[in-house]
Each structure stands twice: as C-alpha cells, then as structure tokens.
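Now for the letters of each chain:
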Amino acid sequence: MKIMVCMSHVPDTTSKIRFVNDNKDFNDADVQFILSPYEELALTRALELKDKVGNLEIVAVNVGIVAAETSLRKALAIGADEAIRVDATPIDAAFVATQLAEVVRNGGFDCVLLGRESIDYNGAQVGEMLAELLDWPSVSSVSDFDIEGNVAKLTREIDGGKERVSCTFPLVATGQKGIAKEPRIPSMKGIMFSRRKAIAVVTAVDCKKFTVVLNHELPPAKAKCKIIPADKPEELARLLHEEAKVI
C-alpha cells in the first residue's frame, strides 16, 4: 500500500508577521519556517501504521518553492520513504489540491493523509477539495486511524462525541490533534538518510485561479489592562457590560 502524506511549510508561530506591497504579500524575510504540526502528526500516524501493518510506502509531498525542502528533509528524517516537491508557489487551496491530485494520479497512491489545516491560513479546505478532484471518499477531523486488511477504521470528532467510520481504499483522510500522541523525533540515522536522499521535483500543472488577495490586515492591538480594586465590584460589572459587552 502506498500512502501520500501532504506536508505544509509554514511560519513558526513565534514569528513576527509583516506584509509588503500595500499589504498584499506576506514578508517572509527573517521568518523561521517549520513543518506544520497537524501534518507532522499525520506523518507520525502513517509511520505507526507502517510499523504495525508493514508493507507500506510513505511518501511526503509538498507544493512549494525550494525553501520548502527543509520541511521535506525533516519528513524524510522522521521516517518517510520518499519525498516529492511540486515546484510552485501555493496560491490558494484549489491550486494546492489540483497539484496534489496530479501527483496522486501519477503515483499510484492508495491513500492520502493530511493535517486538518495548515497553521498559517487555517483554511481546512485542501483535503476535501482533493477528494472531490479524485472522486475518492473523504473523512475529515480524524482523531484515530487504523488499517485492517483493505479497510480503514477511523474515528472522527463530531459535536458532542465521536463517530467511528469504516472505509475501503482509496480514500482521503484529514487528521487532527489526537491522530498521534506526539510527533516522532528524527533519529541520527534518519537525519543522515534525509541528507543523502534525493527529493523528486515535478512541474506544476495549469490551474484556474479562483482567488485574488486584496490585502492582509493585522489584528487590532490589544488594549491596556485595567486593574479594578477588589472593593469596587460594581465598577467591574459596569466595564464588563458597557465596554467588554460580555454581560
């Protein structure tokens, strides 16, 4: 069985966010990029399944520029067998899903595993778009993923509880927190392997552009903290009602 795990190359959450060109473009100067945590957990679960089931080939795939290869190298160091980079700047979710669908069609994959969302745009759209383009079943918000024969056993989070789903392959699954307890840490052997392993680079296919960025806007600065004396609860109540508007 061949599993594609999609990798997102995203800014570290501690990065200072800035925009250029009239706030239309993200300024990535001096920004530290990392492998998106949801994708890291998805990769970890795929590797756990390989340890359990055996005879699984895990391929890490990213749609991005050369700089994104650092995240693919980490995926190889963690345990992915192969890595593929679609040479293109990811424009939007539809563009990324289109590129991934082409890789799936050409690669003979049986399953695609993604994180629920990347932590930069938090769109949570690529998995469902990819499933639609492939005409494959899709299971979202997966918190547990197991394989029994040619059947996937999945648990997904729903309002007020959990839903257990069985699905035959091929399929697309988007994982969330819980699909693996914690990310797998690269070993020294894995790090050395990742340095020697070639990353396959493929050309992006044409895709209709569905979105245009008008501008980006930073959230408003937080107001200064107000300290209310303990002997004036009525003033606290007034501020919560008139200013914070929470009561």
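Refer to the structure above for everything that follows.
Scope of this entry: the structure provided in the associated data block. (Residues numbered from 1 in each chain as written. Predicted model: local features only at pLDDT ≥ 70, side-chain atom pairs only at ≥ 80, totals over all residues. Heavy atoms only, no water.)

1. Regarding the overall build of the protein chain
- Within the protein chain, the secondary structure is distributed over 6 helices and 13 strands.
- Taken along the three principal axes of its C-alpha coordinates, the protein chain extends 70 × 45 × 40 Å.
- The 247 residues of the protein chain split such that 40% are buried.
- When contacts within the protein chain are restricted to residue pairs at least 6 apart in sequence, those whose partners lie at least 24 apart make up 69%.
- Of the roughly 14400 Å² of accessible surface on the protein chain, a fraction of 52% belongs to carbon and sulfur atoms.
- The average position of the 31 basic charges and that of the 36 acidic charges among the side chains of the protein chain differ by 4 Å. (Helix = DSSP H or I, 4+ residues; strand = E, 2+ residues; numbered from the N terminus. Buried < 20%, exposed > 50% of the residue type's maximum accessible area, 1.4 Å probe, protein only. Contact = heavy atoms within 4.5 Å. Areas by Shrake-Rupley, 256 points an atom, 1.4 Å probe, with all protein chains shown as cover. Lys, Arg positive; Asp, Glu negative; His and termini not counted. Charge placed at Lys NZ, Arg CZ, Asp CG, Glu CD.)

2. Regarding the pairing of strand S12 (residues 171-175)
- With 5 of 5 residues buried, S12 is to be regarded as a mostly interior element.
- The two faces of S12 match: Leu-171, Ala-173 and Gly-175 on one face and Val-172 and Thr-174 on the other face are all buried.
- Two elements, strand S8 (residues 111-115) and S12, share 5 bridges in a ladder whose sense is parallel. Looking at S12, one finds that Leu-113 is bridged to Ala-173. (Pairing = 2+ DSSP bridges.)

3. Some remarks on the pattern of salt bridges
- The tally for this structure, following the rule as stated, stands at 14 salt bridges.
- Residue Asp-87 pairs with Arg-85 through a salt bridge whose shortest N-O separation is 2.8 Å.
- Overall, Asp-87 belongs to the partly exposed group, its relative accessible area being 42%.
- What makes Arg-85 buried here is its relative accessible area of 4%.
- The salt bridge involving Arg-238 is made with Glu-235; its shortest N-O contact spans 2.8 Å. Of this pair, Arg-238 and Glu-235 both sit in helix H6 (residues 233-242), 3 residues apart, roughly one helical turn.
- For Arg-238, a relative accessible area of 32% puts it in the partly exposed group. (Salt bridge = Lys/Arg side-chain N within 4 Å of Asp/Glu carboxyl O.)

4. Some thoughts on the sheet that holds strand S6 (residues 57-64)
- Across the sheet, 9 strands lie side by side as S11-S10-S9-S12-S8-S1-S6-S7-S13; this open sheet has mixed pairing. The sheet terminates laterally at strand S11 (161-168) and strand S13 (200-203), the two strands that pair on one side only. Here the strands of the sheet are splayed against their neighbours by 30° on average, with no regard to which way each runs.
- The sheet contact formed by strand S1 (residues 2-6) and S6 spans 5 bridges and is parallel. Its bridge partner being in S6, Ile-3 is matched across the sheet by Ile-58.
- This element, helix H2 (residues 69-78), spans S6, strand S7 (82-87) and S13 of the sheet and lies at about 165° to S7. (Axes fitted to C-alpha atoms, helices over the stretch in contact; angles between N-to-C directions.)

5. Regarding the nonpolar core
- Grouped together as the largest cluster of nonpolar side chains are 34 residues, with contacts concentrated most on Val-5, Met-7, Leu-43, Ile-58, Leu-113, Phe-145 and Leu-154.
- Those elements that place two or more of their residues in this core are S1, helix H1 (37-53), S6, H2, S8, strand S9 (138-148), strand S10 (151-158) and S12.
- Counting residues per element, this core draws most heavily on H1, at 6 residues.
- Not counting chain neighbours up to four residues away, the residues in contact with Leu-154 comprise Val-139, Val-142, Asp-144, Phe-145, Glu-163, Arg-164, Val-165, Cys-167 and Ala-173. (Core = buried A, V, L, I, M, F, W, Y, C linked by side-chain atoms within 4.5 Å.)

6. Section: the environment of Gly-175
- Examined against the element boundaries, Gly-175 turns out to sit in strand S12.
- Among the residues examined, Gly-175 registers a relative accessible area of 0% and is labelled buried.
- Linking Gly-175 and Phe-193, residues 18 residues apart in sequence, is a C-alpha distance of 27 Å.

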